[in-house]
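Descriptive analysis of the structure
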Amino acid sequence: MYLRHFQRHFPLLPGALSNKLCATVAHYSGDAAVEDLVLSPSCIERLQSLNRKAAAADQGGAAVDQGGGVSNAPPQFLRIVVEGGGCSGFQYKFNLEDKLQPDDRRFGPPDASVVTDEVSLSFIKGATVEYHTELIRAAFRIVNNPQSKAGCSCGASFAIKI
C-alpha cells in the first residue's frame, strides 16, 4: 500500500530518498498521546456551512439552514493528500468530496469531516487543520505540523523531518 502511494504521489523522487521515506512511513509509530489530526473550530464551522449550503441547494433553496428539510445528498468532507512538489518538497492538497476510499481515516463530526489516507496521515500526524480568512483569500490550511521542519511562506508546501 505504501509503495503504491509513493509511486503515485512522488514519481520524481530519487530512488534512495523514496525508499527511505517509504521505510519511515511503514515503520512510523507516533506518540499515543498525540492526536492524529486536530480540527480547529474554524475548520468545523466552515465544513458545516458548506454542507448546509449544499443541502439547501439540493432542496431547491429550502430553509435547511434553520433545520428544516433533509437532504438526499451525502455530506461532503475535506480530503487532505500530501504529494511530492511545491517549493519545499511536499505539498498539501485539499479537495471537497463525498466518496470514501478503502484506506481513508476520517476525523471530526459527520457534518464536518476531514479525511486522509494512511500514508498522508503519517506526514500530518498531530497537525491542526484550520480555515483561515485574509483580505486576499480564504482557505483550509495545515498549521502546527510536528512532522514538518520547514515550510514555504504561503503554507502550501513543507519539508519533512527525516
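Residues numbered from 1 in each chain as written. Predicted model: local features only at pLDDT ≥ 70, side-chain atom pairs only at ≥ 80, totals over all residues. Heavy atoms only, no water.

1. Quick look at the nonpolar core
Counting 24 residues, the largest nonpolar core has L47, V114, I124 and V129 as the members making the most contacts within it. Mapped onto this core, the elements with two or more residues apiece are strand 1 (37–39), helix 3 (41–58), strand 2 (77–84), strand 3 (90–97), helix 4 (118–124), strand 6 (127–133), strand 7 (138–143) and strand 9 (157–160). Examining the composition of this core, we find that four residues originate from one element, helix 4, more than from any other. Those residues in contact with L47, other than ones at most four positions away along the chain, are L78, L96, D111, A112, S113, V114 and F140. (Core = buried A, V, L, I, M, F, W, Y, C linked by side-chain atoms within 4.5 Å. Buried < 20%, exposed > 50% of the residue type's maximum accessible area, 1.4 Å probe, protein only. Helix = DSSP H or I, 4+ residues; strand = E, 2+ residues; numbered from the N terminus. Contact = heavy atoms within 4.5 Å.)

2. Comments concerning the packing of aromatic side chains
Following the criterion strictly, the structure yields five aromatic pairs and no others. Measuring from ring centre to ring centre gives 6.0 Å for F90 and F158, while their planes differ by 35 degrees; the resulting arrangement is tilted. Of this pair, F90 sits in strand 3 while F158 sits in strand 9, and the two are 68 residues apart along the sequence. Exposure class is identical for F90 and F158. Each is buried. Measuring from ring centre to ring centre gives 6.4 Å for Y92 and F94, while their planes differ by 40 degrees; the resulting arrangement is tilted. Overall, the relative accessible area of 26% leaves F94 in the partly exposed class. Pairwise contacts between aromatic rings join F90, Y92, F94, F123 and F158 into one cluster. (Phe/Tyr/Trp six-rings, centres within 6.5 Å; stacked < 30°, edge-to-face > 60°.)

3. So, the sheet that holds strand 7
The strand order across the open sheet built from three strands is 1-6-7, with neighbouring strands paired in mixed fashion. With one partner strand each, in any of the chains shown, strand 1 and strand 7 form the two edges of the open sheet. Between one strand axis and the next, the sheet turns through 25 degrees on average, direction left out of account. Alignment of strand 6 against strand 7, held across six bridges, turns out to be antiparallel. Looking at the pairing, V129 lines up with I142 of strand 7. Where helix 3 meets the sheet, its contacts fall on strand 1, strand 6 and strand 7, and the angle it forms with strand 6 comes to roughly 65 degrees. (Pairing = 2+ DSSP bridges. Axes fitted to C-alpha atoms, helices over the stretch in contact; angles between N-to-C directions.)

4. Remarks on the pattern of salt bridges
What the rule picks out here adds up to seven salt bridges. A salt bridge links D104 to R79; the shortest N-O distance between them is 2.8 Å. Separated by 25 residues along the polypeptide, D104 in strand 4 (residues 104–107) and R79 in strand 2 bring together distant segments of the chain. Judged by its relative accessible area of 16%, D104 falls in the buried class. (Salt bridge = Lys/Arg side-chain N within 4 Å of Asp/Glu carboxyl O.)

5. Examining the pairing of strand 5 (residues 114–117)
Burial along strand 5 is two-sided: V114 and T116 facing one way and V115 and D117 facing the other are all buried. Pairing of strand 2 with strand 5, which is carried by three bridges, proceeds in the parallel orientation. Paired with R79 across the strands is V115, a residue of strand 5. Where strand 4 meets strand 5, four bridges bridge the pair, whose relative direction is antiparallel. Directly across from F107, in strand 5, lies its bridge partner V114.

6. What to know about the sheet that holds strand 4
With respect to topology, six strands assemble into an open sheet ordered 4-5-2-3-9-8, the strand pairing being mixed. Single-partner strands in this sheet number two, and they are strand 4 and strand 8 (148–151). Pairs of neighbouring strands in the sheet enclose a mean axial angle of 35 degrees, with direction left out of account. Pairing geometry for strand 2 and strand 3, over eight bridges, is antiparallel. When the bridges of strand 3 are listed, E83 appears paired with Q91.

The values are spatial; any link to function lies outside them.
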